[in-house]
Amino acid sequence: MTADGDPVLELLPMVFAAPSEALAGAREVLDGDPTPFQASVAHHVIGIWQRDFGDLRLALKHLRRARDLAARAESADREADVLGTLGVALVHAGRTRQGLAAFERGIARGGKQSRSRVLYLRAYVWWVLGRHKEALDDVRRAIPVLRQTEDVIWTARALTLRATVHLALGAVDRADADFTAAERLWETTGQEHDKADAVESRGLAAFRSGDIPVALQLLDEAEEMYAKLTTPTFMLTIRRCEVLLSAGLAAEALAQADTAIGLLDGIGGQSTRKAELLLVAARAARLADDPPTAIARAAVAVRLFAAQRRTWWQTHAQLVLIEARLAAGRASGRLVADAAAVAGRLAAFGSPSAPEAALLAGRIALTLGWTADAERHLAVAARSRRGGPPLARMTGWAAQALRAEAAGSGRGVLEACRRGLDVLDDHRTTLGASELRARATAQGAELAALAQRASLDSGGPRRLLAWSERWRATALSTPPARPPADPALLSGLTAFREIAARAEKARMEGHPVPALEREQRRLEREIRSRTLHMRGDAPGEGERFDATRLLARLGEGRLVELAVVDGRVHALLCGQGRVRRFAAGLLSEAMAEAEHVQAGLRRLAHPGADARLPVVEAAGRRLEELLLGEAAQHLGSGPVVVVPPGRLHRVPWALLPSLRERVLSVSPSAGSWLRALDTRPPPGGRHVLVRGPGLATGGAEVPDLADRYGRPTVLEHDDAEVPRVLAELDGATLAHIAAHGTFRADSPLFSSLRMADGPLIVHDFERLARSPYRIILSSCDTARLAPVGADELLGLVTALLPLGTAGVVASSAPVNDAAVVPLMLALHKGLSAGLSLAEALRDARAALPGDAVHQATGWAFTAFGAA
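A quick note: this is a predicted structure, and the numbers were derived from the prediction, not measured. (Residues numbered from 1 in each chain as written. Predicted model: local features only at pLDDT ≥ 70, side-chain atom pairs only at ≥ 80, totals over all residues. Heavy atoms only, no water.)

Spatially, the 3 strands line up as an open sheet ordered 9-10-11, and their pairing is antiparallel. Looking at which strands have only one partner, the edges of the open sheet turn out to be strand 9 (741–742) and strand 11 (758–761). Where strand 10 (residues 752–755) lies against strand 11, 4 bridges are found, and the strand directions are antiparallel. Its bridge partner being in strand 11, S752 is matched across the sheet by I761. Contacting strand 10 and strand 11, helix 26 (residues 487–508) runs over the sheet at an angle of about 130° to strand 11. Each of strand 10 and strand 11 is contacted by helix 33 (residues 722–729), which is oriented at about 30° to strand 11, the strand it contacts most. (Pairing = 2+ DSSP bridges. Helix = DSSP H or I, 4+ residues; strand = E, 2+ residues; numbered from the N terminus. Contact = heavy atoms within 4.5 Å. Axes fitted to C-alpha atoms, helices over the stretch in contact; angles between N-to-C directions.)

Put into structure tokens, the structure is as follows:
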């Protein structure tokens, strides 16, 4: 048997089919009495394993030993194969010059087939270095030979690599064709790791084409495949972070990247991967509004890429570094020049990020008042508005809007903003998960702000109202996609409830719960992952806001929409057939005052804090001045609807003196209020009353309410389990839920109501075919929401509004359980008399005793919507 036919060679393809078995087999060979050829193969296998899954220093040691043994065996092809692998390892270790020299020797030593493999490996390294033209040249030379020699595995690898390079150059269609061809070949092999890599690459292609749900689904599938092989997934982490960033999940991306950097350092892994992880961490920190962290990560990435001679990557890291320095307030002429130079280099590379760099240069120039320079750079960036992925077109329209603003063309600003936000609207309709829809709006925040500023300068109050509505609570305009038949999701939700209930019981008994909390977090990640995979099915642009229709539907009432332009609140008072604008205070001051009020309400929820009542009332007066200004004097005598920005969602509006005795409701947007107004109650008039466990009063209002409504469905004790509660809530006319509420600021869609079998979370409500027409949540913090995106809110209330609920009563602060009971009984008395939620809540507040605890309880509750 010749050396080339030695069975030990079968270990090489095993490294990417069954890595652990290949490693064990190689060590077994070395433990025997191998020939130099066999020992070369064994060291080669160990070197590949350590290079990709372990310690790079050990990889280099084994690969050099494999090279020397191949020379002793006098096998030119064996030596060429090892030199190709060694070249990759040296480049990953940051020794680029030595790595490229190894490739030259390998190409010179090898025969036809081994030379084509070395060409493929060098093409891979060119891609790592960001030299895409050289990568395409080498891989195009390799593929015909690999096909001719029927080298299926290496042909599939080469096609996958060529597709990846096409993606880096923005050629998505060419990449798709190569990925498809490679996948057909992989199906004929047993290369499990390579198959996982192909799925990962398809996820990258889906991301580049703008399909975030499919990208996340494919990356999750690849991760499951890698997990079965017990191999690290640093490249997958980088790609997942890129997708998370485009979905507005910057903090999550930063946490994942930093964790991966720590793991990579712990195993002595690839220097090239560390630099790439640092780059994605820097981007994440910048988008998470953490400029110092972004500067620190990007600066190290720039140094590493420079040392590795990876100019393409270094230039991208420089772009992030400049963006972070600008965010830190370091605008300067030098920064303009640096951004312009980066834009030029990225354009020469054919990078899709070139328009982003040109926009950055133009933006900095505008900050410095250099209008001529700004126009030159912005004109370059604006070219991308005509084609490419959604976010690239958004960049182009943002540049065009800034050009128009600099030229003093309000009309041009509004047209560019309209076109850019239309692009983002189309993109959001592909997203099924409410969280992704809400967070995606952050991409349009600058355009919305530019349009609002232009409207304020020259367009009048009605135009400012229209643009404030254009990008407010848009995620609530259509229901999220719901997969009720997904068995894995349903199973995950059931397991999550069981673990959460066990953890809660253990805490109450004083037992430690770290293991249960770890499992709960794991299940949360799994549930969230599956919901993010959902694709949207909402066609078209949806219903556009119509100010004339709003004014007609208001009747004798008023709607006050609070718009924030350049940090100042403007109250847009709608009513009597017109829209008027009243300048109010600074948003930052209003937010600080709202936090003081929340602290006061928390104190007043406990008896004995009566002395705090005048302090809280005084804070309410200050809030009115900051939020309404002179608009408070023009509210008329009818009902009032308040539409606050997301950052003011915690204001207890009934505390404001001009609103305290009014019929008052709150809505995330004027459009949302109109949709609620048009929502009709379901037939049948079913009433559902739910009592969860652990309430101080035991949900004492529920028995009285059961008597009031005759024969309602009452769920309590063991009947108040989540599946039964959801089944009864679906399509009900009125639901009253007395249950402990928990708000999760870290993950708002896991905010919950405690049922007998565990938490009822927002994800559960999103599975309802139709949520109750009216719903009353009588416990603490059920109206707390998390502001995300441009001006979106996530939480229990906003989950219900798109699903058929026209009105919600809930609290935005801790409340006294005993004081809630008379408030709820009075509220339902009004509903039984035919009043709306807002009318009944006003009357219920007025009927409460005058002590501090009861007054604070009344202020903490708000009516949302229009029912």
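Take the packing of aromatic side chains next. The description of an aromatic ring pair uses the distance of the two centres, along with the angle that the planes make with each other. One pass over the structure, following the stated rule, counts 5 aromatic pairs. Measuring from centroid to centroid gives 5.6 Å for Y120 and W154, while their planes differ by 90°, and the two rings are edge-to-face. With Y120 in helix 7 (residues 112–129) and W154 in helix 9 (residues 152–168), this pair connects stretches of sequence that are 34 residues apart. Residue classification places W154 among the buried positions, given a relative accessible area of 16%. Aromatic side chains F305 and W313 sit 5.8 Å apart centroid to centroid with 25° between the ring planes, which places their arrangement in the stacked category. Summarising the burial analysis for this pair, F305 and W313 share the class buried. Taken together through their ring pairs, the aromatic side chains of F305, W312 and W313 make up a single cluster. Above the plane of the ring of F37 lies R78, whose end atom (NZ or CZ) is 6.0 Å from the centre. Just above the ring of W154 sits the side chain of R157; from NZ or CZ to the centre is 5.0 Å. (Phe/Tyr/Trp six-rings, centres within 6.5 Å; stacked < 30°, edge-to-face > 60°. Buried < 20%, exposed > 50% of the residue type's maximum accessible area, 1.4 Å probe, protein only. Lys NZ or Arg CZ within 6 Å of the ring centre and 35° of its normal.)

Compared with the 24 Å implied by 1.5 Å per residue over 17 residues, the 24 Å span of helix 4 (residues 56–72) between its first and last C-alpha is a close match. Buried positions along helix 4 lie against helix 3 (36–53), helix 5 (76–92) and helix 15 (271–287). If you check the start of helix 4, you find a side-chain oxygen 2.9 Å away from the backbone N of R57, and it comes from D55. Looking at the residues trailing helix 4, positive phi occurs at E74, about 55°. (Expected span 1.5 Å × (residues − 1). Polar contact = N/O pair within 3.5 Å; in protein donor to acceptor, adjacent residues only side chain to side chain.)

You can see R411 is positioned in helix 22 (residues 410–428). Since its relative accessible area comes to 75%, R411 is described here as exposed. R411 sits 311 residues away from L100 along the chain, and the two C-alpha atoms are 55 Å apart.

Attention now goes to the pairing of strand 10. Across 2 bridges, the pairing between strand 9 and strand 10 is antiparallel. The residue of strand 10 that forms the bridge with T742 is S752.

With that settled, consider the environment of R578. Secondary-structure assignment places R578 in strand 3 (residues 578–586). Residue class for R578 comes out partly exposed when judged on its relative accessible area of 41%. On a C-alpha basis, the gap between R578 and G699 in space is 45 Å, while along the polypeptide they are 121 residues apart.

A word on the packing of helix 10 (residues 172–186) against helix 11 (residues 192–208). Their axes nearest at 10 Å, the elements helix 10 and helix 11 cross at an angle of 160°. Overall, the two elements helix 10 and helix 11 adopt an arrangement that is roughly antiparallel. Crossing geometry of helix 10 relative to helix 11 is assigned as left-handed. Note on element contacts: helix 11 touches helix 10 through D194, K195, A198, S201, R202, A205 and R208, opposite V172, D176, F179, E183 and W186. The class makeup of the residues in the contact of helix 10 with helix 11 is 5 nonpolar, 1 polar and 6 charged. (Parallel < 35°, antiparallel > 145°, perpendicular 65-115°, else oblique. Left-handed = near helix turned anticlockwise from the far one by under 90°. Nonpolar A, V, L, I, M, F, W, Y, C, P; charged D, E, K, R; others polar.)

Another point: unusual backbone geometry. Positive phi values are uncommon outside glycine, yet E74 reaches one of about 55°. Mapped onto the secondary structure, E74 falls in the loop between helix 4 and helix 5. The phi dihedral of D289 is positive, around 60°, even though this residue is not glycine.

Here the focus is helix 16 (residues 291–307). Over its 17 residues, helix 16 extends 24 Å from the first C-alpha to the last, a length consistent with the 24 Å expected when each residue adds 1.5 Å. The set of residues buried in helix 16 consists of P291, T293, A294, I295, A298, A301, V302 and F305. In the segment just after helix 16, R309 is the residue with positive phi, at about 60°.

This part is about the nonpolar core. Counting 97 residues, the largest nonpolar core has L562, W653, I737, L753, M755 and V808 as the members making the most contacts within it. Once residues within four sequence positions are removed from consideration, M755 is found in contact with V690, P693, A720, V722, V725, I737, A739 and L760. (Core = buried A, V, L, I, M, F, W, Y, C linked by side-chain atoms within 4.5 Å.)

Within a regular beta strand, the side chains point alternately toward one face of the sheet and then the other, so they alternate between its two faces. The buried fraction of strand 16 (residues 861–865) is high, at 5 of 5 residues. Across 5 bridges, the pairing between strand 15 (residues 807–811) and strand 16 is antiparallel. When the bridges of strand 16 are listed, S811 appears paired with F861.

So, on to the packing of helix 14 (residues 250–267) against helix 15. Direction vectors running N to C along helix 14 and helix 15 enclose 155°, while the axes themselves pass 8 Å from each other. Judged by the inter-axis angle, helix 14 sits roughly antiparallel to helix 15. Remark: the crossing between helix 14 and helix 15 carries left-handed chirality. Across the interface between the two elements, A250, A253, L254, A257, D258, A260, I261, L264 and D265 of helix 14 pack against R273, K274, L277, L278, V280, A281, A284, A285 and L287 of helix 15. A per-class count over the contact of helix 14 with helix 15 returns 14 nonpolar, no polar and 4 charged.

What follows covers the side chain of S353. Considering the arrangement of structural elements, one finds S353 in the loop between helix 18 (333–349) and helix 19 (354–368). Beyond its immediate stretch of four places on either side in the chain, S353 contacts H316, L319 and L346.

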